[in-house]
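Observations on the model geometry
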Amino acid sequence: MKSNRRDFLRKTSIAGMGLAMTSAWSNSITGNNPHNIPAPLFGAKYMGDFSAPKLETVKCAFIGVGARGSGHAHQIAAIEGTEVVAISDLYQDLAEKSEKVCKENGGGTRHKKIKLYTDGENDWKNMLKKEKPDAVFVCTPWKLHAPMAIEAMKSGAHVFVEVPLALTIQEMWDIVDTSEKTQKHCMMMENVNYGREELLYLNMCRKGVIGELLHGEASYIHELRSQMNEVERGTGSWRTYHYANRDGNLYPTHGLGPVAQYMNLARGEDNFKFINSFSSPGKGRNLYAAKNFPADHKWNKLDFKGGDINTSIVKTNMGRTIMVQWDETSPRPYTRHNLIQGTKGTLAGFPTRIALEGGVEGGPDSHHEWAEGEQLQKILKNTNIHYMYALENWLPKWADMVEWTL
């Protein structure tokens with residue numbers, strides 16, 4: 001888009017944390033500004049059409065190499081043209097483990113001089129100052145995402161941040177302002193946008209296979225109570241305080257990201273307009289704590305304010321609807337729903353299945369049955385999707401990842 005931030009936000013609204021909807025930026029200069037949208041910093045430039053200069057070698061650094069960050073380090077180190085220069089973590093053994101993996105992926109020609117920064121909670125700041133990386137990957141507890149992203153951009157690096165990008169609307173605006181002021185990209189790493197099924201459905205929506213889009217269903221249903229047991233180092237258990245002190249959908253983008261892409265939201269065509277959101281009672285984590293921890297344990301002293309499951313209905317400017325759900329507590333199988341419905345058919349996930357008016361070639365002859373499994377082979381071929389699967393891991397090396405031709 002060739003417009004600046006003022007023009008863009010005047011035409012569209014912004015989805016905040018928990019999908020809180022803000023009004024147009026133009027209100028901030030007319031006095032009608034109920035959401036306190038800040039004016040852009042002096043000298044800032046809208047980043048929607050920004051392209052960073054090409055780098056022959058990208059110097060990469062990692063903040064946090066636990067369960068999630070170690071996977072990113074492993075993948076990035078396998079990409080030609082990268083040079084891992086530094087790793088920061090609270091624990092020396094985790095940093096050394098990722099250092100070893102990165103050097104192995106470098107094959108003796110790359111990642112040979114990785115500096116480790118493990119001297120306390122703020123050593124990552126020393127890493128930014130001394131190593132001057134081109135790209136920083138932030139994979140830490142949620143409350144650290146925004147501060148670390150902002151500091152990394154100020155140090156001259158582009159930033160890739162784990163989900164969620166920030167915890168408050170103010171933090172989001174601080175990220176936007178810093179990105180525009182420093183001319184550095186800041187990307188939230190919403191990985192599910194790029195899965196096999198999600199890219200297939202995005203392609204089919206773009207080709208008009210299911211007609212005009214009407215409705216989407218998105219969720220992140222993933223029972224994670226066992227993270228409460230990770231007390232010694234706090235890996236994962238830091239989420240427990242979020243469940244106790246916050247209510248709503250704390251992790252909306254795993255489900256919503258793909259549906260937002262199908263509907264082309266926030267790209268000048270359509271956007272979120274308003275939301276109704278409801279949470280169930282919060283019971284599951286109190287019960288889990290009472291069953292699995294001593295009565296005087298810190299988890300049994302918490303009153304969990306967050307509902308076990310949150311369900312939201314979003315209405316867009318064009319009148320489309322989206323159901324968004326989140327539940328990391330209830331005993332039920334993993335799902336993201338991933339459903340997109342149009343005037344000519346419906347695409348759904350978990351499991352992957354398609355229903356089209358008039359039927360699917362090689363599958364059912366009407367929309368009253370789903371096409372699944374081998375019945376989908378012809379429609380996959382006809383939508384020009386080509387795959388290369390990694391057979392050993394669900395999270396493979398970058399070089400082995402799915403290859404897409406859209």
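Residue positions are given per chain, counting from 1 as you read along its sequence in written order. With pLDDT at 70 or above as the cut-off, local features in this predicted model cover only qualifying residues; side-chain atom pairs require 80 or more to be listed or tallied, and sums for whole chains, interfaces and linings still use all residues. Side-chain metrics rest on all non-hydrogen atoms present in the structure, leaving aside hydrogens and water.

What follows is about the overall build of the protein. Scanning the protein from terminus to terminus reveals 11 helices and 16 strands. The buried share of the protein, taken over its 406 residues, is 49%. The contact criterion used throughout is that any non-hydrogen atoms of two residues lie within 4.5 Å. Partitioning the intrachain contacts of the protein with sequence separation of at least 6 by distance along the chain shows that 67% fall at a separation of at least 24. Note that accessible areas follow from Shrake-Rupley with a 1.4 Å probe, and for residues the cover is restricted to the protein chains shown. In the form shown here, the protein has an accessible surface area of approximately 20500 Å², with 52% of it arising from carbon and sulfur atoms. Working definition: helices are DSSP H or I runs of at least four residues, strands are E runs of at least two. Numbering for both runs from the N terminus. Three exposure classes are used, based on accessible area relative to the maximum for each residue type with a 1.4 Å probe and protein chains only: buried under 20%, partly exposed in between, and exposed over 50%.

Attention now moves to a positive patch on the surface. Surface patches are drawn from residues lacking salt bridges whose relative accessible area is over 30%; two like charges belong together within 9 Å, two nonpolar side chains (Val, Leu, Ile, Met, Phe, Trp, Tyr) within 5 Å. Salt bridges are identified by distance alone: a Lys or Arg side-chain nitrogen within 4 Å of an Asp or Glu carboxyl oxygen. Residues scored as charged are limited to Lys and Arg (positive) and Asp and Glu (negative), so that His and the chain ends carry no count. Charge positions come from single atoms, namely NZ of Lys, CZ of Arg, CG of Asp or CD of Glu. There is a patch of like positive charges on the surface, built from Lys 112, Lys 113, Lys 115 and Lys 130. You can see Lys 113 is positioned in the loop between helix H3 (92-106) and strand S5 (115-117). In this structure Lys 113 comes out as exposed when scored by relative accessible area, which is 71%.

What follows concerns the environment of Arg 336. Tracing the backbone through its elements, the reader meets Arg 336 in the loop between strand S12 (321-327) and strand S13 (339-342). For the pair Arg 336 and Ala 218, spaced 118 residues apart in sequence, the C-alpha to C-alpha distance is 5.9 Å. With near-sequence residues (within four places) excluded, Arg 336 lies in contact with Val 192, Glu 198, Glu 217, Ala 218, Ser 219, His 254 and Phe 350. Polar contact criterion, stated in full: a pair of N or O atoms within 3.5 Å, where within protein one must be able to donate a hydrogen and the other to accept it, and residues adjacent in sequence count only if both atoms are side-chain atoms. Reaching out from Arg 336, the side chain makes a polar contact with the side chain of Tyr 334 at a distance of 2.8 Å.

Let's shift gears to the sheet that holds strand S4 (residues 82-88). The rule for pairing is simple: two strands pair if DSSP sees at least two bridges between them. Strands sit in the order S5-S4-S3-S6-S7-S8 across an open sheet of six strands; the sheet is parallel. The strands lining the two open edges of the sheet, one partner per strand, are S5 and strand S8 (186-188). Sheet twist, expressed as the average angle between the axes of neighbouring strands with direction ignored, equals 20°. In this structure, strand S7 (residues 158-161) lies alongside S8, joined through three bridges in parallel fashion. The partner of Val 159 across the bridge, within S8, is Cys 186. Only the stretch in contact is used when a helix axis is fitted, and all axes are lines through C-alpha atoms; the angle between N-to-C directions ranges over 0 to 180 degrees. Against the sheet, helix H2 (residues 69-77) touches strand S3 (58-63), S4 and strand S6 (135-138), its axis set at about 170° to S3.

A word on the sheet that holds S13. The sheet built from eight strands is open, its strands ordered S10-S11-S12-S9-S13-S14-S15-S16 with mixed pairing. Looking at the sheet topology across the chains shown, the edges are occupied by strand S10 (272-279) and strand S16 (371-372). In this sheet, strand S11 (residues 310-316) lies alongside S10 in antiparallel orientation, the contact comprising seven bridges. Counted as the bridge partner of Ser 277 is Ser 312 from S11. Those strands touched by helix H7 (residues 196-206) are strand S9 (213-221), S13, strand S14 (345-348) and strand S15 (353-356), and its axis lies near 160° from that of S14. Against the sheet, helix H9 (residues 253-262) engages S9, S10, S12 and S13, with an angle of about 160° to S9.

This paragraph deals with the confidence of the model for the protein. What pLDDT reports is the predictor's confidence in each residue, on a scale of 0 through 100. In this model, the protein carries an average pLDDT of 86, and 83% of its residues clear a pLDDT of 70 or more. A low-confidence stretch, residues 8-31 stays under pLDDT 50, and its non-local contacts, those more than four residues away or across chains, total 63 contacts. Predicted confidence for residues 385-406 stays below pLDDT 50, and this span has 40 contacts to residues more than four positions away or in other chains.

Residues are called lining when one of their atoms sits within 4 Å of a cavity or pocket point, these points coming from a 1 Å grid over the protein atoms alone, where a cavity is a set in which a 1.4 Å probe fits but cannot get out and a pocket is an open set with protein on both sides within 12 Å along at least five of seven lines. Grid points are joined across faces, edges and corners, and a volume is the space filled by probe spheres set on the points. Applying the stated rule across the entire model yields one cavity of 30 Å³ or more. Space inside the largest cavity adds up to approximately 70 Å³. Contributing to the lining of the largest cavity are 13 residues, with Tyr 243, Gly 306, Gly 307, Asp 308 and Thr 329 lying nearest its centre. Per-class residue counts for the lining of the largest cavity are four nonpolar, five polar and four charged. Only Asp, Glu, Lys and Arg are considered charged, only Ala, Val, Leu, Ile, Met, Phe, Trp, Tyr, Cys and Pro nonpolar, and every remaining residue, Gly among them, polar.

Attention now moves to the pairing of S12. Within S12, six of the seven residues are buried, which leaves the element mostly enclosed by the surrounding structure. As defined by bridge partners, S9 adjoins S12 across seven bridges and the pair is classed as parallel. Residue pairing in the sheet places Glu 217 in a bridge with Met 323 of S12. Where S11 folds back on S12, the antiparallel hairpin that results is connected by four residues, among which Gly 319 adopts a positive phi of roughly 90°.

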